[in-house]
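What follows is each chain in one-letter form.
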Amino acid sequence: MGEKRKDTHWADRPAGKLLLGSLLPGAALFSWWLAIRTGTAVVPRFGEVVSVLFHPFVVPQDIYSRSLAFSLLMTLIRLSLGFGLAVLTAVPLGFWAAQNKIIDRILYPLVQLARPINPVALLPVATVLFGLSSLATMLVGGLEAWRYDVLDQVQLAMIFILWWGAFFPIFLSTIHGVRSVRAAYLETMTLFGATPLQSARRVVLPHALPSIANGMRIALGVSWLVLIAAEIFPGTRSGLGYMLCTACKTSDYQYTFAAMLVIGVTGLLIDWLLLRLERRVGHWQAAER
Amino acid sequence: MRPMTDSKSQIDYQPHTTGNAAFSFRSVSKSYASRDGAPVLALDEVSFETPNGGITCIVGPTGSGKSTILRILSGIEQPDSGTVQIGGRPPRELIGRIGYLTQRHTLFPWMKVGENIGMPLELQGTAPDRRHERVRGICTMLGLAGAENRYPYEISGGMQQRAALGRLLASESPVWLMDEPFNALDERTRHRMQELLIGLVREQGLSILFVTHTIDEAVFLADRVIVLTAGPARVAETFDWSVAHPRDRLSREFGETIEQVRRRVESVLKEDDNRYR
């Protein structure tokens, strides 16, 4: 007698996923086309947007902005620096706070007070604190800074608020990850004669990594939102958010739409990469339950 | 005075130990704080000794503090009073030389089986090639040849326990503490693991303290059996059982001995119940 083959649900098959996934974007495209046809909304033509996307290195003529490619680059540089700084500070501090009661008690009130403050709302404060100084200002001083184009575009105030947005999720999920290590694993290591450092490296860190990776993914989502919003704020001269807003002001909506699409797709890609990281470091977790 | 023996099945109800005992407990007591704060006595002046080499089984009802005894012997916990020694020295001095295995194997799930087995060697600073060689040897000996590069959750329960045993072997500990390690396995696998264990004990000259609540298992494995009462735990009886290995599970003699031991254990525990309740 033959076995009944277990069929995959059609929504789980690649074709099914593609079909369902393109329904809403398809509807959006359709509304766009409709708006163009009927002239009811001020939207750029399809062709114009596609042209911007396919010529990313062209500097826009009518608006005071850098090319799409450069804007993307600047946005990504700022993200890497702010987010990277957050990871480098939050993970070690999280480890420390999870294992040291005193540090935990000291940090706890500050963390809980600071966390809910929207980083974008913090930008004016940050600008007062840091002024318009950038990396270039830090390295070569205010007068020569303008020569170092890319470095001069990375404002310290913006790095600060990016750090603020990303720090707390990563910090808290690190603490959670470290605290959730099963005592049995640590005891086993001790019984085999491990030093605290060996235990930390071979047990605590791998056990906490899935939680940390998850915190990083959440933090990245926050950072992405904060960054784009911050680039709209006066004081910036480049970036995807900047391009989006400037183009709006001069009614060159093809750049706005193009920037929006790039923002969406890039955000999706980065999140997907971190999701893969999360799955990789957490492959063993399902089995633990 | 001649020791009281049951000559039919060679059970010696008044065993004695020559030389340094492998594991030794003298008047050890241990309490725990219960939820409402009142201390609960888990071990009540427990004393026993185990011979060097071979397996000693601790048998008792659930909740009789058997796990506590092992935890104190391993050095994870400290007794409230009494002396604890392993080979004449306190457990503290033997960190890394005492093997410990529980029902839940605690293999690290994020590491491959080979890495798990090699962990004690890694902690001692053994070079990677030497380590891999040793791990391969252990895997072959335990029938885990294909599993080195798998993760613990990808192999069966029996293989996981074998891998945990492999890890103990890698640590080269001469004394092992085992807390009902084969409980979660099906009967056939359990029997195979018991036979494997006996083989290892004879090959490597190990001294094992094995906790179980299964009389059959105790009779098959042990050279000495210690019967523990329910909490607060006391040693109700100790006896030696000197039948040579390999022991035949299917023989009538074996069945009769199990019956005998079981009846004895029952009566001793009942006596204890009546005396103290």
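Before reading on, note that the structure itself is shown above.
As the structure is a computational prediction, the values presented were derived from the model and not from experiment. (Residues numbered from 1 in each chain as written. Chains lettered and ligands numbered in written order. Predicted model: local features only at pLDDT ≥ 70, side-chain atom pairs only at ≥ 80, totals over all residues. Heavy atoms only, no water.)

Peer 1: I'd like a description of the pattern of salt bridges, backed by residues and values.
Peer 2: Here the structure, examined in full by the defined rule, presents 20 salt bridges over all chains. For Arg217 of chain A, the salt bridge is made with Asp271 of chain A, and the minimal N-O distance between the two is 3.4 Å. Placement of the pair is Arg217 of chain A in helix H11 (residues 196-232) and Asp271 of chain A in helix H13 (residues 253-281), with a sequence separation of 54 residues. For Arg217 of chain A, a relative accessible area of 23% gives the class partly exposed. In this structure Asp271 of chain A comes out as partly exposed when scored by relative accessible area, which is 30%. Residue Glu93 of chain B pairs with Arg89 of chain B through a salt bridge whose shortest N-O separation is 3.3 Å. (Salt bridge = Lys/Arg side-chain N within 4 Å of Asp/Glu carboxyl O. Helix = DSSP H or I, 4+ residues; strand = E, 2+ residues; numbered from the N terminus. Buried < 20%, exposed > 50% of the residue type's maximum accessible area, 1.4 Å probe, protein only.)

Peer 1: Kindly report on the packing of aromatic side chains, identifying the contributing residues and their values.
Peer 2: The tally for this structure, following the rule as stated, stands at 18 aromatic pairs over all chains. Considering the side-chain rings of Phe167 of chain A and Phe171 of chain A, the 5.4 Å spacing of their centres and the 15° angle between planes classify their relative orientation as stacked. Separated by 4 residues within a single helix, Phe167 of chain A and Phe171 of chain A lie in helix H9 (residues 156-179), roughly one turn from each other. Phe171 of chain A matches Phe167 of chain A in its accessibility class, with the two residues each being buried. These aromatic residues form a ring-pair network of at least three members: Phe130, Phe160, Trp163, Trp164, Phe167, Phe168 and Phe171 of chain A. It is Arg66 of chain A that lies over the ring of Phe70 of chain A; its NZ or CZ is 4.0 Å from the centre. The side chain of Arg167 of chain B reaches across the aromatic face of Phe108 of chain B, ending 5.4 Å from its centre. (Phe/Tyr/Trp six-rings, centres within 6.5 Å; stacked < 30°, edge-to-face > 60°. Lys NZ or Arg CZ within 6 Å of the ring centre and 35° of its normal.)

Peer 1: So what's going on with the side chain of Ser134 of chain A? Residues and values would help.
Peer 2: Position of Ser134 of chain A among the secondary structure elements: in the loop between helix H6 (123-130) and helix H7 (135-140). Contact partners of Ser134 of chain A, with chain neighbours within four places excluded, come to Leu151, Asp152, Val154, Gln155 and Leu156 of chain A. (Contact = heavy atoms within 4.5 Å.)

Peer 1: For the interface of chain A and chain B, give the residues involved together with the corresponding values.
Peer 2: Residue-level contacts link 21 residues of chain A with 24 residues of chain B. In total, about 2,000 Å² of surface goes out of reach between chain A and chain B, with carbon and sulfur atoms giving 67% of it. Together, Leu191, Phe192 and Arg202 of chain A form the three largest contributors to the area buried by chain A at its contact with chain B, with a combined 39%. At the boundary of chain A and chain B, one finds 3 salt bridges. With a closest N to O distance of 3.4 Å, Glu115 of chain B and Arg202 of chain A form a salt bridge. Where chain A meets chain B, there are 8 residue pairs in polar contact (both at pLDDT 80 or more). Elements supplying a minimum of two residues to the side of chain A that touches chain B: helix H10 (183-191), H11 and helix H14 (285-288) of chain A. No other element matches H10 of chain A, which puts 7 residues into the side of chain A that touches chain B. Among the residues forming the side of chain A that touches chain B, the class breakdown is 10 nonpolar, 6 polar and 5 charged. (Buried area = accessible area lost by both parts, 1.4 Å probe. Polar contact = N/O pair within 3.5 Å; in protein donor to acceptor, adjacent residues only side chain to side chain. Nonpolar A, V, L, I, M, F, W, Y, C, P; charged D, E, K, R; others polar.)

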